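Structural description and commentary
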Amino acid sequence: YIGRMMKMTPGTPEGNTLYGWIDLTCGRDSLVKKSVKYFDDVISNPDLGSNVPVDCFFGKAKFHEMRHNYSSSLEVLNQAVVQYQGYTPALVEKMRIQLALQDWEQAVDTAQRALQSAPQCL
């Protein structure tokens, strides 16, 4: 179905994001490497402005996390936190990456921000 959708309406943000996640989670390294292109196409689309789907940010961050490139993952999650202010899952993911980077102080600060908006989130 996704292939059919991409043929009918190529380049849609939702379609590219979904395609990126499918490739990212399929387990085949060649497709995993290709998945970031789908996320980049959406994030760099000037027509979207601040309407990039949050799943796209999460997908690109997960791609970098799987490659153990935590600083790039954190950079993408920072974009998500700015664009989706008050969205607790973005803060929780950012905290997880800060823990992987062993940036304890920033992880605590991010956890406190998340707990302020959703006391039961951690």
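Further up the page is the structure itself.
What you are looking at is a predicted structure, and each value in this text was computed from that prediction instead of being measured.

1. A look at the pattern of salt bridges
Evaluation of the coordinates by the stated rule reveals seven salt bridges. In this structure, K62 and E65 form a salt bridge, with 3.3 Å as the shortest nitrogen-oxygen distance. Residue K62 and its partner E65 are both found in helix 4 (residues 54-66); the two are separated by three residues, about one turn of the helix. The class for E65 is buried, based on a relative accessible area of 16%. Put simply, R96 and E93 hold a salt bridge, and the shortest N to O gap is 2.6 Å. With a gap of three residues between them, R96 and E93 both fall in helix 6 (residues 88-100), about one helical turn apart. Residues joined in a network through salt bridges with shared partners are K62, E65, E93 and R96.

2. Here we look at helix 3 (residues 29-43)
Given a rise of 1.5 Å per residue, 15 residues ought to cover 21 Å, and the 22 Å separating the end C-alpha atoms of helix 3 matches this to within 8%. Residues L31, V32, S35, V36, Y38, F39 and V42 constitute the buried set of helix 3. The buried side chains of helix 3 occupy one side of the element, clustering within an arc of 160° when seen end-on. Contacts made by the buried residues of helix 3 are with helix 2 (13-25) and helix 4.

3. Observations concerning the side chain of T12
Along the polypeptide, T12 turns up in the loop between helix 1 (2-8) and helix 2. Taking the relative accessible area as the measure of exposure, T12 reaches 19% and is therefore buried. Polar side-chain contacts of T12 include one of 3.1 Å to the backbone nitrogen of G15.

4. Quick look at the packing of aromatic side chains
Two numbers describe a pair of aromatic rings. These are the distance of the centres and the angle of the planes. Following the criterion strictly, the structure yields four aromatic pairs and no others. Judged by centre distance (6.2 Å) and plane angle (75°), the ring pair of W21 and F39 falls under edge-to-face. Of this pair, W21 sits in helix 2 while F39 sits in helix 3, and the two are 18 residues apart along the sequence. For W21, a relative accessible area of 25% gives the class partly exposed. Residue class for F39 comes out buried when judged on its relative accessible area of 0%. Ring centres of Y84 and Y87 lie 6.3 Å apart, and the angle between their planes is 55°; on these two criteria the pair is classed as tilted. The class of Y87 is partly exposed, set by a relative accessible area of 35%.

About the cut-offs
Chains are numbered independently. Their residues run from 1 in the order of the written sequence. In keeping with the predicted nature of the model, local features appear solely for residues at pLDDT of at least 70, side-chain atom pairs appear and are counted solely at 80 or more, and the whole-chain, interface and lining totals rest on all residues. No hydrogens and no water enter the side-chain calculation; it runs on all heavy atoms of the structure. Between Lys or Arg on one side and Asp or Glu on the other, a salt bridge is scored when a side-chain nitrogen of the former is within 4 Å of a carboxyl oxygen of the latter. Secondary structure elements follow DSSP: runs of H or I of four or more residues count as helices, runs of E of two or more count as strands, with numbering from the N terminus. For every residue, the accessible area (1.4 Å probe, protein chains only) is compared with the maximum for its type, and the residue is labelled buried under 20%, exposed over 50%, or partly exposed between those bounds. Helix span, expected: 1.5 Å multiplied by one less than the number of residues in the helix. Arc definition: directions from the helix axis to the C-beta atoms. Two residues qualify as a contact provided that any one of their heavy atoms is within 4.5 Å of a heavy atom in the partner residue. Between N or O atoms, a polar contact is any pair within 3.5 Å; within protein, one atom must be a potential hydrogen donor and the other a potential acceptor, and residues adjacent in sequence are included only when both atoms are from side chains. For Phe, Tyr and Trp, rings pair up if their centres lie within 6.5 Å, where Trp contributes its six-membered ring, and each pair is then called stacked (planes under 30 degrees apart), edge-to-face (over 60) or tilted (otherwise).

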